[in-house]
Amino acid sequence: MIPEPSTRSADGTAWCVSPGLTPYAPALAAMQARAAAIREGAAEECVWLVEHPPLYTAGTSARREELLDPRFPTFDAGRGGQWTYHGPGQRTAYVMLDLARAHGPVPPRDLRAYVHALEGWMIRALARLGVAGERREGRVGIWVARGSGRPGGREDKIGAIGVRVSRWVSFHGIALNVEPDLSHFAGIVPCGIAEHGVTSLRDLGVPAGMAECDAALQQAWAETFLPVSFALTNTNTE
C-alpha cells in the first residue's frame, strides 16, 4: 500500500506520496508492516505522505467523553496522545525510522529528542511558508499565536504529533493543517485541549496547497534530521 518512493533525502530516507484519500485501517496495517520490515533490515526508512477521508483517531490516552460528536468513523490508533481528526486538506506524514541509530542531532534511542525533532521539523516547514509555528510547554504539537501575540491572545493549533515506537522503530508521525474543513474538529476535544482552537494555512491566509507543503517538509527535513554535512544538500529525485 505504501507506494514506491518519488524522491529520497540526502541520507537515503524514502519519500512516498499516496494520491487521493487513503483509508485509515489499511494505512495502519501498512505502517506496522513497514516498521517490522525496517526492524528486520528488509526495508528502507520512509516518510509516507497521505490524506485521509474524514475520521477521528484515539490515542492511548484518549477519553471517550472527549469524543463529542462521532459524526465520522473512529479508530484506535495505538499511538500516544488523545483524539485527533484526519481528513481531506490535511497533510499527514507517517515517519518510519530506525531510532536505534542517530538521525543527525537526534541521538540513538532518545524518544524525547525524536519528538522534539518532529516539532522542529514542522516549525521549519511552516517558516518556509511564512508562518511562525511555536512550541508550548505542556502541550504537544505546533501552535500559532493570533492577534500579534498579545498577552492573553488567542492561540490555535496548526500541527499535531502522535508517535508509536516498537522495538525502536517509529511509526505514525505528524499532521499539518493545510486546508481542511476546520468545523470537523468540533466533533472532538483535539488532543484533550479544550481551551484553544485549531487553524490551517488557508485560515491564516497562506495560499499554499499540498505541493507547496510537501516541498517545505522535504526541505525542512534536511535541516532537522540530517547530519551537518548533509544539511545543505537538496533531496535527490530518482
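About the criteria used
- The numbering scheme is per chain: residues are counted from 1 as the chain's sequence reads.
- It should be noted that, the model being predicted, local features are given only for residues of pLDDT at least 70 and side-chain atom pairs only at 80 or more, the latter also being counted only at that level, while totals for whole chains, interfaces and linings use all residues.
- Working from all heavy atoms in the structure, the side-chain values ignore hydrogens and water.
- Helix and strand assignments follow DSSP, with helices taken as H or I runs no shorter than four residues and strands as E runs no shorter than two, numbered in order from the N terminus.
- Within these notes, the globule rule equals 2.2 Å times the number of residues to the 0.38 power, and the radius of gyration is based on C-alpha atoms.
- Remark: exposure states derive from per-residue accessible area (1.4 Å probe, protein chains only) relative to the maximum for the residue type, with buried under 20%, exposed over 50%, and partly exposed in between.
- We call two residues contacting when some pair of their heavy atoms lies within 4.5 Å.
- Method for areas: the Shrake-Rupley scheme with a 1.4 Å probe, in which residue coverage is limited to the protein chains shown.
- The charged-residue count follows a simple rule in which Lys and Arg add positive charge and Asp and Glu add negative charge, with His and chain termini not counted at all.
- Just so you know, the charge point we use is NZ for Lys, CZ for Arg, CG for Asp and CD for Glu.
- For this analysis, a nonpolar core means a set of buried residues of the types Ala, Val, Leu, Ile, Met, Phe, Trp, Tyr and Cys, connected via side-chain atoms within 4.5 Å.
- By the convention used here, strands pair only if DSSP detects at least 2 bridges between them.
- In this analysis, axes come from line fits to C-alpha atoms, helices being fitted only over the stretch in contact, and the angle between any two N-to-C directions falls in the range 0 to 180 degrees.
- Helices are assigned an expected span. That span is 1.5 Å times one less than the residue count.
- In what follows, salt bridge is the name for a side-chain nitrogen of Lys or Arg lying within 4 Å of a carboxyl oxygen of Asp or Glu.
- Only protein atoms enter the 1 Å grid, on which a cavity is a set of points fitting a 1.4 Å probe that cannot get out and a pocket is an open set with protein on both sides within 12 Å along at least 5 of 7 lines, lining residues being those with an atom within 4 Å of a point.
- Grid points are joined across faces, edges and corners, and a volume is the space filled by probe spheres set on the points.
- Three residue categories are used. Nonpolar comprises Ala, Val, Leu, Ile, Met, Phe, Trp, Tyr, Cys and Pro, charged comprises Asp, Glu, Lys and Arg, and polar comprises the others, including Gly.
- Roughly parallel means an angle under 35 degrees; roughly antiparallel, over 145; roughly perpendicular, 65 to 115; everything else is oblique.
- Should the near helix be turned anticlockwise from the far one by less than a right angle, the crossing is termed left-handed; should it be turned clockwise, right-handed.

Moving on, we get to the overall build of the protein chain. A tally of regular secondary structure across the protein chain gives 3 helices and 13 strands. For 238 residues, the compact-globule estimate of 2.2 N^0.38 gives 18 Å, and the C-alpha radius of gyration of the protein chain, at 17 Å, lies within 12% of that figure. Principal axes of the C-alpha set define a box for the protein chain whose edges measure 45 × 35 × 35 Å. Buried positions account for 50% of the 238 residues belonging to the protein chain. Put simply, 66% of the contacts in the protein chain that link residues at least 6 apart link residues at least 24 apart. Carbon and sulfur atoms form 52% of the exposed surface of the protein chain, whose accessible area is close to 10,500 Å². Distance from the positive charge centre (23 side chains) to the negative charge centre (25 side chains) of the protein chain: 3 Å.

What follows is about the nonpolar core. Within the largest apolar cluster, 39 residues are counted, with the highest numbers of intra-cluster contacts made by Tyr-114, Leu-118, Trp-121, Ile-174, Leu-201, Trp-221 and Phe-225. Elements with a minimum of two residues in this core: β3 (46-50), β7 (90-96), α2 (111-128), β9 (139-145), β10 (155-166), β11 (169-177) and α3 (210-225). Excluding residues that lie within four positions of it along the chain, Leu-118 makes contacts with Val-95, Ile-161, Val-163, Ile-174 and Phe-225. Core analysis: the next-biggest nonpolar cluster, separate from the first, contains 19 residues, Leu-28, Val-50, Ala-77 and Phe-171 among them.

A separate point is the sheet that holds strand β6 (residues 83-86). Spatially, the 3 strands line up as an open sheet ordered β5-β4-β6, and their pairing is mixed. Both outer strands of the open sheet, β5 (74-76) and β6, are each paired with one neighbouring strand and no more. Going across the sheet, the axis of each strand differs from the next one's by a mean of 25°, ignoring polarity. Pairing geometry for strand β4 (residues 55-58) and β5, over 3 bridges, is parallel. Counted as the bridge partner of Tyr-56 is Thr-74 from β5. Strands β4, β5 and β6 of the sheet are contacted by helix α1 (residues 24-39), whose axis makes an angle of about 20° with β5.

The end-to-end C-alpha distance of α3 is 22 Å, a good match for the 22 Å that 16 residues give at a rise of 1.5 Å each. Where α3 is buried, its residues contact β1 (7-8), β2 (14-17), β3, β7, α2 and β11.

For the structure on display, the rule yields 15 salt bridges. For Glu-155, the salt bridge identified is with Arg-139, shortest N-O distance 2.9 Å. Taken together, the residues span a long stretch of sequence, with Glu-155 in strand β10 and Arg-139 in strand β9 at a distance of 16 residues. Note on Arg-139: relative accessible area 18%, which makes it buried. Three or more residues are tied together by salt bridges with common partners; here these are Glu-134, Arg-136, Arg-139 and Glu-155.

The next thing to look at is the layout of surface pockets. Estimated volume of the largest pocket: approximately 280 Å³. If you go around the largest pocket, you meet 17 residues; those closest to its centre are Gly-80, Gly-81, Gln-82, Val-140 and Ile-161. Every element with two or more residues in the lining of the largest pocket is listed here: β9 and β10. Broken down by element, the residue count for the lining of the largest pocket peaks at 5 residues, all from β10. Of the residues that constitute the lining of the largest pocket, the class distribution is 7 nonpolar, 7 polar and 3 charged. Volume-wise, the second largest pocket comes out at about 220 Å³.

When two helices pack together, their arrangement is captured by the angle between the axes and the distance separating the axes. As a packed pair, α2 and α3 sit with axes 8 Å apart at the nearest point and diverge in direction by 135°. With respect to α3, the axis of α2 lies oblique. Crossing hand, α2 versus α3: right-handed. Residues Tyr-114, Ala-117, Leu-118, Gly-120, Trp-121, Arg-124, Ala-125 and Arg-128 of α2 form the contact with α3, whose own contacting residues are Ala-216, Leu-217, Gln-219, Ala-220, Trp-221, Glu-223, Thr-224 and Phe-225. Here the contact of α2 with α3 is composed, by residue class, of 10 nonpolar, 3 polar and 3 charged.

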